[in-house]
Amino acid sequence: TVSLFSLSCLLIPFDRALNKPTRLTEHCNAYRRYSSGSGYPNVSLSSPLPGIPKPVFAAVDGHEQCETKITTLENGLKVASQNKFGQFCTVGILVNSGSRHETKYPSGIAHFLEKLAFSSTAQYGSKDEILLTLEKHGGICDCQTSRDTTMYAVSAEVKGLDTVVSLLSDAVLQPRLLDEEIEMTRMAVRFELEDLNMRPDPEPLLTEMIHAAAYRGNTVGLPRFCPVDNVEKIDKTLLHTYLRSYYCPERMVLAGVGIEHEQLVACARKYLLDVKPVWGAGTPANVDLSVAQYTGGMVKMDKDMSDVSLGPTPIPELTHIMIGLESCSFLEDEFIPFAVLNMMMGGGGSFSAGGPGKGMFTRLYLNVLNRHHWMYNATSYHHSYEDSGLLCIHASADPRQVREMVEIITREFIQMAGTMELERAKTQLKSMLMMNLESRPVIFEDVGRQVLATGKRKLPHQLCDLISNVTGSDIKRVSTKMLRSKPAVAALGDLRQMPSYEHIQAALSSKDGRLPRMYRLFR
């Protein structure tokens with residue numbers, strides 16, 4: 001078969017005057033020579049090729065492109081942005097408002113506001129209208145609440161920035177909160193509460209219980225999900241009273257990723273500077289400024305877990321426990337050592353695909369899951385807030401081995417001060433940080449939360465330097481400090497073999513983490 005390239009070479013005429021082939025014919029001959037495997041030029045790939053123009057690479061001036069720009073408007077609203085290459089941007093409003101601020105209100109308001117977000121507003125007649133408007137710019141919207149923050153976010157094309165900020169302003173400051181929307185939200189909340197108690201994964205329920213035990217009746221210990229008794233109590237009047245106190249400009253940040261800062265500030269001035277909220281303007285009253293009071297304690301829920309997941313491969317009946325100790329606020333210097341310690345503990349389920357980066361060399365894998373085959377799960381979690389924090393371990397096993405499981409976890413807490421796998425944990429933490437910050441929505445949340453809490457943002461390379469500087473003595477210091485606090489315990493399932501709170505406290509105060517021996521005359 002003759003290729004088109006070689007055929008064209010055959011048809012090129014010779015220059016009769018010079019009696020030699022044209023330049024294209026020379027190229028054809030070179031092509032044949034090199035394609036036959038011989039006569040390749042001896043050119044180093046590390047040196048510039050002769051006759052090729054010098055490439056010009058894009059460059060940034062220092063860290064200018066990495067820095068987060070922050071502007072505070074006249075009404076106290078902060079505007080923060082981070083430029084990022086691409087056609088799409090993520091923009092949102094973060095509010096310093098969450099379940100921890102419901103001390104003077106029935107618990108569940110933040111849960112209701114999350115479900116009511118992006119419903120009908122002064123400008124849009126329904127949620128469908130909002131979604132259709134966003135569709136024109138390839139956009140999606142979402143609202144999430146946590147214990148201390150409410151976040152309204154939109155991802156859309158950069159060209160639609162003006163529409164996006166206008167929509168966000170309307171959704172946050174001008175919601176209609178119609179009776180039918182509130183009634184639909186009541187149904188959604190009831191369904192979510194039923195689902196929470198029936199799902200095979202009990203982690204959200206245990207997290208709720210451990211916070212209730214650690215901060216009994218105050219701030220971050222208040223329910224994040226609306227209690228069943230409060231579903232009918234929450235109405236439009238109550239929501240407006242709450243919004244008047246907490247949804248004010250000085251408690252908000254407009255954050256954006258993937259847009260020019262000047263553009264975002266211009267949109268903020270246009271749509272968020274002189275806007276009167278639907279609940280009326282005024283000086284915020286009844287703002288709860290309580291500081292989290294760590295109490296420690298135990299919350300138990302005796303529950304039949306035998307039929308949680310039926311089917312061809314049912315999950316066996318398990319008892320779940322979570323034991324936690326007070327750590328620190330994310331504003332403190334000890335936050336980074338605690339983050340490294342949490343990574344050192346690691347853990348996961350009894351089944352894992354393994355491989356690098358899956359946490360198979362963390363302590364809870366090496367010391368717990370690899371040695372005790374009957375343990376189904378052992379995972380470390382670190383929850384940190386502006387005034388306190390909680391480091392806890394979640395474990396699950398057969399109900400008959402609960403006492404032994406509790407003792408294994410208390411021993412791990414006692415041995416936390418060791419520095420085994422410290423360098424690996426630091427490298428893994430930096431790797432996870434940088435990998436997560438590749439995602440535009442994650443950068444948006446990081447920018448928004450940091451600026452809302454501190455008024456500035458630590459850049460990833462600064463956090464990596466802080467992680468690199470953590471030493472074994474730092475780990476020992478924070479572990480020793482943590483063990484001085486009273487434990488918080490949450491337990492779910494068949495609890496007949498569950499040790500008492502006093503025994504768990506005694507184990508965490510001992511040298512080896514063992515539970516006090518129990519002597520029975522009859523078994």
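In case you missed it, the structure is sitting above this.
What comes next is a walk through the structure. (Residues numbered from 1 in each chain as written. Predicted model: local features only at pLDDT ≥ 70, side-chain atom pairs only at ≥ 80, totals over all residues. Heavy atoms only, no water.)

Another point: the sheet that holds strand β7 (residues 150–157). Across the sheet, which stays open at both edges, the six strands sit in the order β3-β4-β8-β5-β7-β6 with mixed pairing between neighbours. Two strands in the sheet have a free side with no partner beyond their single neighbour: β3 (69–72) and β6 (140–145). Neighbour-to-neighbour, the strand axes of the sheet open up by a mean angle of 15°, direction not taken into account. The sheet contact formed by strand β4 (residues 78–82) and strand β8 (residues 252–257) spans five bridges and is parallel. (Pairing = 2+ DSSP bridges. Helix = DSSP H or I, 4+ residues; strand = E, 2+ residues; numbered from the N terminus. Axes fitted to C-alpha atoms, helices over the stretch in contact; angles between N-to-C directions.)

Where two aromatic rings form a pair, the distance of their centres and the angle of their planes describe that pair. Enumeration over the complete set of coordinates arrives at six aromatic pairs. Between Tyr215 and Tyr294 the ring centres are 5.6 Å apart and the planes differ by 85°, which places this aromatic pair in the edge-to-face class. One end of the pair, Tyr215, is in the loop between α7 (203–214) and α8 (236–246); the other, Tyr294, is in the loop between α9 (261–272) and β9 (297–302), with 79 residues separating them in the sequence. Each member of the pair Tyr215 and Tyr294 is classed as buried. Taking 6.2 Å as the distance between ring centres and 85° as the angle between the ring planes, the aromatic pair formed by Tyr247 and Trp279 counts as edge-to-face. Taken as a pair, Tyr247 in the loop between α8 and β8 and Trp279 in the loop between α9 and β9 lie far apart in primary sequence, 32 residues in all. Residue classification places Tyr247 among the buried positions, given a relative accessible area of 2%. By the ring-pair criterion, three or more aromatic residues cluster together here, those being Phe118, Tyr152, Tyr247 and Trp279. Looking at Arg224, its charged tip hangs above the ring of Phe225, at a distance of 4.6 Å from the centre. Above the face of the Phe361 ring, Arg424 is positioned so that its terminal group lies 4.2 Å from the ring centre. (Phe/Tyr/Trp six-rings, centres within 6.5 Å; stacked < 30°, edge-to-face > 60°. Buried < 20%, exposed > 50% of the residue type's maximum accessible area, 1.4 Å probe, protein only. Lys NZ or Arg CZ within 6 Å of the ring centre and 35° of its normal.)

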